[in-house]
Amino acid sequence: GGNGRFYDAFCELRGPAHAHLVNVFLRSVKSVSVPDWERLRMWCQKKRLKKEEGEGEGSVREGGGGGESKMTREEGENTIQHSKGVRREKKDSSLRRFSENVFVQVLDSDAKQRRWHLQKALILMLSGMKDSCCIVTPYFLPPEPLKKAILAAKRRGVSIKIITQGTCKTPIVNKACQHIYLEFLQAGVEMYQMYHKELHAKLMVVDNIYSIIGTFNFDFLSFEANSEVNLTMLDLHNAVFMKDRIDKDLLSKCKTLTLAEYQNRPMWKKLQQWLAYICCRLLIFVCVFSVSFKTK
């Protein structure tokens, strides 16, 4: 969709998890003091009821996923369903996929309200993964808890791939991210950068059974200051489908970062990236302090 400049992923969510996601959205809107709160809540409820009535008539539109998760497959009657799957571009019919009877969880975080469900679940999942992990995130600047969990998983023998953007509108952030890549490459983590489009998707597949789509970047702001929400699905078919799309759309077109390349960077580039990292950490500290001060 759009002008083709960005790579993103979308979900259509139905079932109990849909109501949970609506509540997360409304709570977020309410926290910024939007006027006419009650009218907005009623509008969302009417939209939800109208959509459920349409589904009751047997019409299923292209899309897929969440809370019960629905991601469709175009393989005859091989259809799965529970929260309803991931919406994909209309151009390719193979991207339409629904899944049924999937365990789906809506996890959110809100620094202002001191709610950290998403962060706790991520650390728990990274600490427990056994076989493989693929992370897609525009910004990869993980805070210490996530960094330790990823490196510890690699030491346990977990295969880890991280796909991030090669260029972005904020060069200082991009350079700050690149400052930490060396440590992950030395640990054996596979790192990739995307240049053919601007990466906006935030995805994750763990052990080919647990998949995540949402708003969370692997950086300090998402972890400590921003309001974020992730849709997590425990389902083999959804996870394999997402992994296949990542392999086809991203890994096959991304640049692979090598340890030798990073070890042989010019000194001026190392210094530039280090300074960018320090500046970003200071800016993040100010942002987090500001959020903490407002909540007191």
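Residues numbered from 1 in each chain as written. Predicted model: local features only at pLDDT ≥ 70, side-chain atom pairs only at ≥ 80, totals over all residues. Heavy atoms only, no water.

**So, the overall build of the protein chain**
Inference 1: Looking only at helices and strands, the protein chain features nine helices and 15 strands.
Inference 2: Within the protein chain, buried positions represent 47% of all 296 residues.
Inference 3: Counting only contacts in the protein chain whose residues sit at least 6 apart along the sequence, the fraction spanning at least 24 positions is 73%.
Inference 4: Per element, the accessible surface of the protein chain, about 15,300 Å² overall, is 56% carbon and sulfur. (Helix = DSSP H or I, 4+ residues; strand = E, 2+ residues; numbered from the N terminus. Buried < 20%, exposed > 50% of the residue type's maximum accessible area, 1.4 Å probe, protein only. Contact = heavy atoms within 4.5 Å. Areas by Shrake-Rupley, 256 points an atom, 1.4 Å probe, with all protein chains shown as cover.)

**Some details on empty space enclosed by the protein**
Inference 1: Counted according to the given criterion, the structure contains two cavities of 30 Å³ or more.
Inference 2: Contributing to the lining of the largest cavity are Leu122, Val136, Lys202, Leu203, Met204, Ile212, Gly214, Phe216, Phe218 and Asn230.
Inference 3: Taken together, the elements giving at least two residues each to the lining of the largest cavity come down to strand 11 (203–206) and strand 12 (210–214).
Inference 4: Partitioned by chemical class, the residues of the lining of the largest cavity number seven nonpolar, two polar and one charged.
Inference 5: Roughly 40 Å³ of volume is contained in the second largest cavity.
Inference 6: Every residue along the wall of the second largest cavity is listed here: Leu107, Leu118, Ala121, Leu122, Met125, Tyr210, Ile212, Asn230 and Thr232.
Inference 7: Those elements that provide at least two residues to the lining of the second largest cavity are helix 3 (117–128), strand 12 and strand 14 (228–234).
Inference 8: Counting residues per element, the lining of the second largest cavity draws most heavily on helix 3, at four residues.
Inference 9: In the lining of the second largest cavity, the residues fall into seven nonpolar, two polar and no charged. (1 Å grid on protein atoms, 1.4 Å probe; cavity = no way out; pocket = protein on both sides within 12 Å on 5 of 7 lines; lining within 4 Å. Points joined across faces, edges and corners; volume = space filled by probe spheres on them. Nonpolar A, V, L, I, M, F, W, Y, C, P; charged D, E, K, R; others polar.)

**Section: the packing of aromatic side chains**
Inference 1: This structure, assessed with the given rule, holds four aromatic pairs.
Inference 2: Each ring, one from Phe216 and one from Phe218, has its centre 5.8 Å from the other, and the planes form 80°; the classification is edge-to-face.
Inference 3: Phe216 sits in the buried class, given a relative accessible area of 3%.
Inference 4: Note on Phe218: relative accessible area 4%, which makes it buried.
Inference 5: An aromatic cluster is defined as three or more aromatic residues linked by ring pairs; in this entry it consists of Phe140, Phe184, Phe216 and Phe218. (Phe/Tyr/Trp six-rings, centres within 6.5 Å; stacked < 30°, edge-to-face > 60°.)

**Some points on the state of the cysteines**
Inference 1: Across all of its chains, the model carries zero disulfides by this definition.
Inference 2: Here Cys254 is not disulfide-linked; the sulfur of Cys134 is the nearest cysteine sulfur, at 9.6 Å.
Inference 3: The class of Cys254 is buried, set by a relative accessible area of 12%. (Disulfide = S-S within 2.5 Å.)

**What about the packing of helix 3 against helix 4 (residues 144–155)?**
Inference 1: Between helix 3 and helix 4, whose axes approach to 8 Å, the crossing angle comes to 15°. Of the possible angle classes, the one that applies to helix 3 and helix 4 is roughly parallel. As for the relative orientation of helix 3 and helix 4, their crossing is left-handed in sense. Residue-level contacts link Leu122, Ile123, Leu126 and Ser127 of helix 3 to Pro145, Leu146, Ala149, Ile150 and Ala153 of helix 4.
Inference 2: For the contact of helix 3 with helix 4, the per-class residue count stands at eight nonpolar, one polar and no charged. (Axes fitted to C-alpha atoms, helices over the stretch in contact; angles between N-to-C directions. Parallel < 35°, antiparallel > 145°, perpendicular 65-115°, else oblique. Left-handed = near helix turned anticlockwise from the far one by under 90°.)

**What about the pattern of salt bridges?**
A pair can form between side chains of opposite charge whenever their charged atoms are brought close.
Inference 1: Inspection of every chain in the model, using the stated rule, returns four salt bridges.
Inference 2: Note that Lys147 and Glu183 form a salt bridge whose closest N and O atoms lie 2.8 Å from each other. One end of the pair, Lys147, is in helix 4; the other, Glu183, is in helix 5 (residues 171–187), and 36 residues separate them in sequence.
Inference 3: Overall, the relative accessible area of 35% leaves Glu183 in the partly exposed class.
Inference 4: The residue Lys243 makes a salt bridge to Asp247 at a minimum N-O spacing of 3.1 Å. (Salt bridge = Lys/Arg side-chain N within 4 Å of Asp/Glu carboxyl O.)

**Here's the deal with the side chain of Lys243**
Inference 1: As for its position among the elements, Lys243 is in helix 7 (residues 236–251).
Inference 2: Excluding residues within four positions of it along the chain, Lys243 makes contact with Cys134, Lys161, Val205 and Asn208.

**Description of the pairing of strand 6 (residues 132–136)**
Inference 1: Taken across its five residues, strand 6 has five buried, putting it largely inside the fold.
Inference 2: With burial as the criterion, each face of strand 6 is covered, one bearing Ser132, Cys134 and Val136 and the other bearing Cys133 and Ile135.
Inference 3: Pairing of strand 6 with strand 8 (residues 159–165) involves five bridges; the strand directions are parallel. Paired with Ser132 across the bridge in strand 8 is Ser159. (Pairing = 2+ DSSP bridges.)

**Digging into a nonpolar patch on the surface**
Inference 1: On the surface, Phe103, Ile209, Leu234, Leu236 and Val240 cluster together to form a nonpolar patch covering roughly 430 Å² of accessible area.
Inference 2: Within the secondary structure layout, Phe103 lies in strand 4 (residues 103–110). (Patch = residues over 30% accessible without salt bridge, like charges linked within 9 Å, V, L, I, M, F, W, Y side chains within 5 Å.)

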